[in-house]
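# Structural features, examined
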Amino acid sequence: MAEVMAQVVPQQTIKLKDCDPNFVKEVIKAGGKNAHICFQCGTCTAGCPTVYAMDYTPRQILRMVNLGMKDKVLQSGTIWLCASCYTCQSRCPRGVEITSLMGALKSLAIKEGVDVKNIKGPAFYNSFIDIAMSNGRMFEPMLFLKFAMKSEGSLTGAAKAMMKDAPFGMKLVMKGKMAFVPHKIKQSKQLKTIYENIKKMEGESE
Amino acid sequence: MKIGYYPGCSLEATAKEYDMSTREILKELDVELEELDDWNCCGASAAYSTDYMLSLALPARNIAIAEKAGLDVLAPCPECYVRLWKTNDAAKEDPKLLEKINKTFKGTDLEYKASVDIRHPVDIILNDVGLEKLKEKVKKPLTDLRVVPYYGCVLVRPPRKNSFDSAENPTSLDKIISTVGATPVDFPMKTKCCGAPLILADEDVMIKLADALFSKAKELGADCMITACPLCHMGLDGKQTSIEKAYDKKIDMPVLYFTQLIGLALGISHKKLGLDKNLVSTSKLVKSFSAAPK
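Rules used in this analysis
The residue numbers shown here count from 1 along each chain, following its written sequence. Key to labels: chains lettered from A, ligands numbered from 1, both in the order written. Since the coordinates come from a predicted model, pLDDT governs what is reported: local features require at least 70, and pairs of side-chain atoms require 80 or more to be given and counted, while whole-chain, interface and lining totals use all residues. The side-chain figures draw on all heavy atoms in the structure; neither hydrogens nor water molecules are used. Salt bridge criterion: a side-chain nitrogen from Lys or Arg within 4 Å of a carboxyl oxygen from Asp or Glu. Here a strand is any run of E in DSSP of at least two residues, a helix any run of H or I of at least four, and the numbering for each starts at the N terminus. Burial classes: relative accessible area under 20% of the type maximum marks a residue as buried, over 50% as exposed, and values in between as partly exposed (1.4 Å probe, protein chains only). Each aromatic pair joins two rings of Phe, Tyr and Trp (for Trp, the six-membered one) with centres within 6.5 Å, and gets the label stacked for planes under 30 degrees apart, edge-to-face for over 60, and tilted for any other angle. As a reminder, the over-ring test applies to NZ of lysine and CZ of arginine, requiring each to be within 6 Å of the ring centre and within 35 degrees of the ring normal. Domains are outlined according to an automatic or database domain assignment. Contacts are assigned to residue pairs with any non-hydrogen atoms lying within 4.5 Å of each other. In this description, buried area is defined as the sum, over both parts, of the accessible area (probe of 1.4 Å) that is lost when the two are combined. N or O atoms within 3.5 Å of each other form a polar contact, as long as, within protein, one can give a hydrogen and the other can take it, and as long as residues adjacent in sequence are counted only when both atoms are side-chain atoms. Here the term charged refers only to Asp, Glu, Lys and Arg, the term nonpolar to Ala, Val, Leu, Ile, Met, Phe, Trp, Tyr, Cys and Pro, and the term polar to all other amino acids, Gly among them.

Summed over all chains, the structure comprises 34 salt bridges over all chains. A:Lys120 serves as the salt-bridge partner of A:Glu152, at 3.9 Å between the closest nitrogen and oxygen. Of this pair, A:Glu152 sits in helix α10 (residues 140–152) while A:Lys120 sits in the loop between α8 (98–111) and α9 (121–135); the two residues are 32 residues apart in sequence, bridging distant segments of the chain. We classify A:Glu152 as partly exposed; its relative accessible area is 34%. Classification of A:Lys120 by relative accessible area gives partly exposed; the value is 30%. Where B:Lys103 meets A:Glu204, a salt bridge forms, and the shortest distance between an N and an O atom there is 3.6 Å. With B:Lys103 in helix α6 (residues 95–104) and A:Glu204 in helix α12 (residues 188–205), this residue pair bridges two chains. When its relative accessible area of 43% is taken as the criterion, B:Lys103 is described as partly exposed. Accessibility expressed as a relative area gives 53% for A:Glu204, which makes it exposed. Shared partners join several salt bridges into a network, and the residues in it are A:Glu26, A:Lys70 and A:Glu112.

Have a look at this one:
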């Protein structure tokens, strides 16, 4: 608890001119469902397993979303520390879909190209989706490689990160749990069409 | 009974032993699996963290394939399971959402009706096979084995309408452990997140969370832990040596898929259950309970 308390941000004036009144609508559209009905009880924060490492607690993030503090929210480390465990969402007395909200916030940060130092979440999710959409199935060696390239930002950095994980990768190979060739689904073209349709639909509704 | 099998990506690779043991025990329990043709990745947490509609369309394509075959869907990986049921249950209740999902399929021959059900093997064993039948099939009761029923997160969360178990105090794995003759450890952290979703993006957090589970399991005198989740397994089994290194201690706790535990009790050989594929050695358990290897 002391750990959490120590991280409560000092009181500061929130200036309306820094807030985006449309932010909460944007978040809801991105899958954030019912973020606007939060009544600030803090049950989400109380049950969160990763709150000790967060810069803002989940309850604070909800308040900030509703106040329209877009930049601070999308640049927070909190959203990337959400492990999607659904504890907060299961316990919320208002039925706020907080895990879905965190997902929506991550997607907005990725779309806006927010780049925060030492935050590797965007690199992970982007690498994952790249592979899932081109092959139709995951291919772990490529995921490790892409993630290392994207998160380290340089070839030497990626090589260093890969070396660190190499013993683990080797163990998986020895146990026959790591494929050497990707499995591409027969109808991978369908996924391409689906992705294009989604982009078109998003364009239409704006 | 017959059901459409959606292994998901993990079960083809890092969770191969989960696939092997699921197929073996369900065959023994007279559940016929028909693998869905040309299934795709469900998108996991990455899809809804990058694009909301994509997180619905990817699961829906798989369900549409099952519908064409006239089968319900069985998804052993809890992350796949939650992505599939959340999409499907929402589309069943909201015709507008269903229409929107079908709009993403424009230009393909896919049609999604949200007409079948999404099931998990724990649910099938409890409610279709039944614990009585499971008990009848036990050849080698796992007497005196203290097992932690570790549920993790998305097997039971978020709460699903008519779910097979409680989100806050699930008991299905406890019941399975008792039925195969072992002793379920009363584990207060049974639904506490192990941190494995952050395995690549933030390993330190994962190591801290997983270590807390092991400390509690050790304190309670557990012989092994069981899980139904490939990601939990990757953290707890795969990264156990990293946790030992980080805290400079020995853990040495076998982590089995619940299907491997059932398989041992059903007298299926350890090779067929992939018990040699777990990274933390299961040889002690195998020596005590396994049928002679073929």
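Once the structure has been displayed, the description carries forward.
All names here are of chain B. In this model, Arg157 is joined to Pro158 through a cis peptide bond whose omega is -10°. On the secondary structure map, Pro158 appears in the loop between β5 (146–149) and α9 (172–179). For Ala114, which is not glycine, the phi torsion reads 55° and is therefore positive. Structurally, the position occupied by Ala114 is in the loop between α6 and β4 (118–119).

Summed over the entire model, instances satisfying the criterion amount to eight aromatic pairs over all chains. Measuring from ring centre to ring centre gives 6.2 Å for A:Trp80 and A:Tyr125, while their planes differ by 35°; the resulting arrangement is tilted. Placement of A:Trp80 in helix α6 (residues 78–81) and of A:Tyr125 in helix α9 is noted, with a sequence separation of 45 residues between them. The same class applies to A:Trp80 and to A:Tyr125, which are both buried. Judged by centre distance (6.2 Å) and plane angle (85°), the ring pair of A:Phe124 and A:Phe147 falls under edge-to-face. Separated by 23 residues along the polypeptide, A:Phe124 in helix α9 and A:Phe147 in helix α10 bring together distant segments of the chain. Each member of the pair, A:Phe124 as well as A:Phe147, carries the same accessibility label: buried. Members of the aromatic cluster, connected to one another through ring pairs, are A:Trp80, A:Phe124, A:Tyr125, A:Phe128 and A:Phe147. A cation over a ring is seen here: A:Arg137 above B:Trp39, with NZ or CZ 3.5 Å from the ring centre. Just above the ring of B:Tyr247 sits the side chain of B:Lys249; from NZ or CZ to the centre is 5.6 Å.

With that settled, the discussion passes to the domain arrangement of chain A. All names here are of chain A. Here chain A is described as being made up of domain 1 (2–111) and domain 2 (120–204). In this complex, domain 1 contributes four residues to the contact, which on the side of domain 2 involves five residues. Interface of domain 1 and domain 2: buried area, both sides summed, is about 410 Å²; carbon and sulfur atoms make up 62% of it. It is Trp80, Ile110 and Lys111 in domain 1 that bury the most area against domain 2; as a group they hold 79% of the surface buried on that side. Here domain 1 is connected to domain 2 by one salt bridge. Where domain 1 touches domain 2, the interface holds one residue pair in polar contact (both at pLDDT 80 or more). Here the residues of the side of domain 1 that touches domain 2 are counted per class, giving two nonpolar, no polar and two charged.

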